[in-house]
Amino acid sequence: MRRLLFAAGVLVFAAGIQLFVFTELTATRFAWTVEPPLTAAFLGASYWASVALEWTAARERVWARARVAAPAVFVFTTLTLVATLLHLDRFHLGDGFGFSTRLVTWVWIATYAVVPPLMLVLMVVQGRITGADPARSARLPRWLRALLIVEAVLLGAIGGALFVDPVGMSPIWPWALTPLTARAVGAWLVGIGIAAAHSAIENDFRRVRPAAVSYVLLGVLHGVAVARYPNQIEWGVAAWTYMVIIAISVAAGLYTWRVAARMETRLA
């Protein structure tokens, strides 16, 4: 599991470079053309935030303090595999694309074909290892658990709607989405919602630290993405709700991260 999380982190870091750095060059540097650029920046920000989740979890020595990453990664990669197969015609596979572009595309497909089943097997194996979880050393305050539950329900519902009905539900999003990008965004929202719900269930600052680190980076990078392309957003209720969620993610993540760090120092 540790090796898979480290390897997955490397792959998603590379995807983040393609999407967040070369945001407007996805026609030649990514597995499929992402329009508008704000969507590419959104996806790249999410990939880089997931690096923090996976690598922080991989460095933990106790499974109970790392497992918050596993279900979220499994659900996200599974949904992304489904989205890829449903929209395979949109991917850069034909002879009209350059070798490097097609190589990136095949790496994408191979990654999402391998990671979900491998993650599932490893979660089962990990779950069968004998032993008990360490006692919860610092439970989350009620307000934070309530916030995580609300976020899980909200993001799960929106993400699920975008994934199931990308054409009909795209208007609820604050900028234009294609069926493929709606499902890609939806997969991320569901995955983030799973992480929030799992954090509420774990109910311990030390156990949710990987998610807290990821949430801080997620909010900051999404804020940068919006700052880069403000004109691509339709500034209405949906857009401002999105901005509020970004702000809450950063604040709650920083708070949780800080308390978890204090606990690590105190108990070291």
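None of the values given here were measured: they were computed from a predicted structure. (Residues numbered from 1 in each chain as written. Predicted model: local features only at pLDDT ≥ 70, side-chain atom pairs only at ≥ 80, totals over all residues. Heavy atoms only, no water.)

J.: I'm lost on the side chain of His222 in this one. Help?
T.: With respect to the helices and strands, the residue His222 is situated in helix H9 (residues 209-228). In this structure His222 touches Phe42, Ala45, Ser46, Tyr242 and Ile246, once residues within four positions along its chain are discounted. (Helix = DSSP H or I, 4+ residues; strand = E, 2+ residues; numbered from the N terminus. Contact = heavy atoms within 4.5 Å.)

J.: Even after reading the chapter, I still don't get helix H5 (residues 99-128), so can you show me in this structure?
T.: Because each turn of an α-helix spans 3.6 residues, side chains separated by three or four positions in sequence point in the same direction. For H5, built from 30 residues, the straight-helix expectation of 44 Å at 1.5 Å per residue is met to within 8% by its first-to-last C-alpha distance of 43 Å. Taken residue by residue, H5 has Thr101, Thr105, Trp108, Ile109, Thr111, Tyr112, Val115, Pro116, Met119 and Met123 as its buried positions. Where H5 is buried, its residues meet helix H1 (2-21), helix H2 (26-29), helix H3 (37-58) and helix H4 (69-86). (Expected span 1.5 Å × (residues − 1). Buried < 20%, exposed > 50% of the residue type's maximum accessible area, 1.4 Å probe, protein only.)

J.: Whenever I open this one, the layout of surface pockets confuses me. Can you help?
T.: Rolled over the atoms, a probe sized like a water molecule indicates the empty space that remains. In this model, the largest pocket occupies a volume close to 470 Å³. Along the wall of the largest pocket there are 31 residues; nearest its centre are Val12, Tyr47, Ser50, Phe76 and Tyr112. Among the secondary structure elements, those contributing two or more residues to the lining of the largest pocket are H1, H3, H4, H5, helix H8 (179-202) and H9. Taken as a whole, the second largest pocket spans an internal volume of roughly 290 Å³. Every residue lining the second largest pocket is counted, 20 residues in all, and those nearest its centre are Leu155, Trp173, Leu189, Tyr242 and Ile245. Looking at the lining of the second largest pocket, the elements that each hand over two or more residues are helix H6 (142-164), H8, H9 and helix H10 (237-267). (1 Å grid on protein atoms, 1.4 Å probe; cavity = no way out; pocket = protein on both sides within 12 Å on 5 of 7 lines; lining within 4 Å. Points joined across faces, edges and corners; volume = space filled by probe spheres on them.)

J.: Is there a simple way to think about the environment of Ala41 in this case?
T.: As for its placement among the helices and strands, Ala41 is situated in helix H3. With 186 residues separating them along the chain, Ala41 and Ala227 place their C-alpha atoms 10 Å apart. When neighbours within four sequence positions are excluded, Ala41 is seen to be in contact with Leu19, Phe20, Thr23, Ala225, Arg228 and Tyr229.

J.: What is the right way to look at H6 in this model?
T.: Given a rise of 1.5 Å per residue, 23 residues ought to cover 33 Å, and the 32 Å separating the end C-alpha atoms of H6 matches this to within 8%. All buried positions along H6 are accounted for by Leu144, Leu148, Glu151, Ala152, Leu155, Gly159, Ala161, Leu162 and Phe163.

J.: Which parts of the structure should I look at to understand the packing of aromatic side chains?
T.: Note on aromatic pairs: each is described by the distance of the centres and the angle between the planes. Applying the stated criterion across every chain, the model contains 22 aromatic pairs. Between Phe42 and Tyr242, the aromatic rings sit 6.4 Å apart at their centres with planes inclined by 40°, giving tilted as the arrangement. Of the two residues, Phe42 is situated in helix H3 and Tyr242 in helix H10; the sequence distance between them amounts to 200 residues. A relative accessible area of 10% places Tyr242 in the buried class. Arranged with centres 6.0 Å apart and planes meeting at 75°, the rings of Tyr47 and Phe76 form a pair that is edge-to-face. Of the two residues, Tyr47 is situated in helix H3 and Phe76 in helix H4; the sequence distance between them amounts to 29 residues. Look at Tyr47 and you get buried, because its relative accessible area is 3%. (Phe/Tyr/Trp six-rings, centres within 6.5 Å; stacked < 30°, edge-to-face > 60°.)

J.: When you look at the environment of Gly236 in this model, what are you seeing that I'm missing?
T.: Take Gly236: it is sitting in the loop between H9 and H10. Between the alpha carbons of Gly236 and Leu218 there is a distance of 22 Å; along the sequence they are 18 residues apart.

J.: Explain empty space enclosed by the protein here, please?
T.: Enumeration according to the criterion identifies two cavities of 30 Å³ or more in this entry. What the largest cavity holds in volume is close to 130 Å³. In terms of lining, the largest cavity is formed by 14 residues, of which the most central are Leu148, Ala212, Tyr215, Ala252 and Thr256. Every element with two or more residues in the lining of the largest cavity is listed here: H6, H8, H9 and H10. Considering only residue class, the lining of the largest cavity consists of ten nonpolar, three polar and one charged. (Nonpolar A, V, L, I, M, F, W, Y, C, P; charged D, E, K, R; others polar.)

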